[in-house]
Amino acid sequence: MTAFTDAASDTASVPGDGADLLAALLDGMDAALCALDADGTITHWNREAERILGWSAGEAVGRRGFGGWAARSADAEEILGRLMGAMKGPGRQVHELALLRKDGGRVLVRSQAAGVRGADGGPAGVYCAFSEVHVQLDLERSVALSEALFEDASWGVVLVDADLRPAVVNGHAARAFGTGRTALLGRPLGDVVVHGAEELEAALQYVLADGSPPAPAEVWVTLRSSEGERRRCWRSGFLRLSSPMAEEPVPLGVAWLFQDVTEERLATREADRLRFRWSQLHRAGVAASECEDPEEAATVLLDFALAGFADHALVDRVVGDRRLTRALATPPGAPGPSSPVVGGGIPLRYGPRHPALQAWDRAGTVRASAGRTAEVWAEAHQWPGGAAHALCVVLRLRGRTLGVLTFLRAACRAGFEREDVVYAETVASRVAAELGLPPEECGVRVRREG
């Protein structure tokens, strides 16, 4: 125990280079530390112990146990016995001790005590590291939170280093990316994010430079996977991580937390789209009811229906056997309002597999998209240039086919989907009702006054 006690008498005044180094190391520790020899006499007492309890090293070193100063007399022997028990037992022992501050206040500390062996291998004393219980609990909660986030969290967590490369990835995030947890480490986000990586990296750079944003952000990304590309929407929060060990905050990276809200966003988008479309139909019906001319009423219906739905609309009416003639159309150039076609009595030269004729034959709806250059495809079908997606709906009224209504979209837009068919067929039924109005009833429709 000689070496243990000689270097320990008072950490502020022990002579010798080795003792000075030991004193500096002890005083620089973040945890409070004291040491006791085999008789229970305190040999070491660092600055953190002084901060917590108020007793200086000069006042603590040399005392036997804590009785009469750092512990109540009734507790002193029990505390000393529990600490000295670590000298004989293996490993570290954890205790919660009620100690006294110099000002008389009580403080509950959590200690970790371990035995010290002498040169002969026999018990030589005990060292004890301790901290206030609430500080220790805060640390344990932080560690537990960190472990939970990276093991059991129901949202993705990615720690990104200062070079914007993933350093830690939890299981949820790995599944969202469609890779293993280690496969992403050290790789640029662009390796797995086909579209949206630039937006993510810009957000991470902003957080590193300016701090955490005040609210979560939603980022759409396209992911590369073995099944192909997947489009996802992630609601993301970002936290800048700084080192607690540096005097000035040093960015360690960014904690990126996200949840997949794709289905929620798609459902909201679809609800908004349906609400807008049926609102347009309502407004179209009100406006069309004020038109005396059936063709004018049909154009009003088409103009309302086109908003947000398609770029062009064409109405081909039946003339004779297997022939269609253009009756109404939007301008062939930039999108605009529909109008009757002047001199539209000449039959259209549609080929036998033209989508409009297929719709007529089936008395149903046909969807088609350009399988080659949109300009060539549109010209071959006698549609406005740039058309790449078509939706042909038959105009039926009272069991008769009046013609075909065609909606067209440019190549920059997505093709028509199944939910678009219902809307298009509803518009077609209303257009057919206007165009199929018997001549004798046309004069009955007069504009309401007032």
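Bear in mind that the values here come from a model prediction, so they are computed numbers and not experimental data. (Residues numbered from 1 in each chain as written. Predicted model: local features only at pLDDT ≥ 70, side-chain atom pairs only at ≥ 80, totals over all residues. Heavy atoms only, no water.)

## Quick word on the pattern of salt bridges
Counting across every chain of the model gives 21 salt bridges. A salt bridge links Arg-106 to Asp-75; the shortest N-O distance between them is 4.0 Å. Taken together, the residues Arg-106 in strand E4 (residues 106-117) and Asp-75 in helix H5 (residues 73-84) connect sequence positions 31 residues apart. Given a relative accessible area of 47%, Arg-106 falls into the partly exposed group. Looking at Asp-75, the relative accessible area reads 15%, which means it is buried. Connected through shared salt-bridge partners, Glu-218, Arg-235, Glu-264 and Arg-265 make up one network. (Salt bridge = Lys/Arg side-chain N within 4 Å of Asp/Glu carboxyl O. Helix = DSSP H or I, 4+ residues; strand = E, 2+ residues; numbered from the N terminus. Buried < 20%, exposed > 50% of the residue type's maximum accessible area, 1.4 Å probe, protein only.)

## What to know about helix H13 (residues 418-435)
With 18 residues, H13 ought to run about 26 Å at 1.5 Å a step, and its terminal C-alpha atoms sit 26 Å apart, in line with that. Within the span of H13, buried status applies to Asp-420, Val-421, Tyr-423, Ala-424, Thr-426, Val-427, Ala-428, Val-431, Ala-432, Glu-434 and Leu-435. Where H13 is buried, its residues meet helix H9 (262-288), helix H10 (294-306), strand E12 (312-318), strand E15 (365-369), strand E16 (387-397) and strand E17 (400-410). (Expected span 1.5 Å × (residues − 1). Contact = heavy atoms within 4.5 Å.)

## As for the confidence of the model for the protein
Residues of the protein with pLDDT of at least 70 account for 90%, and the chain-wide mean is 85. Throughout residues 1-16 the model reports pLDDT below 50, and contacts reaching past four residues in sequence, or to other chains, amount to 35 contacts. Low pLDDT, under 50, characterises residues 439-450; the predicted model gives this stretch 15 contacts beyond four residues in sequence or across chains. (pLDDT = per-residue confidence, 0-100.)

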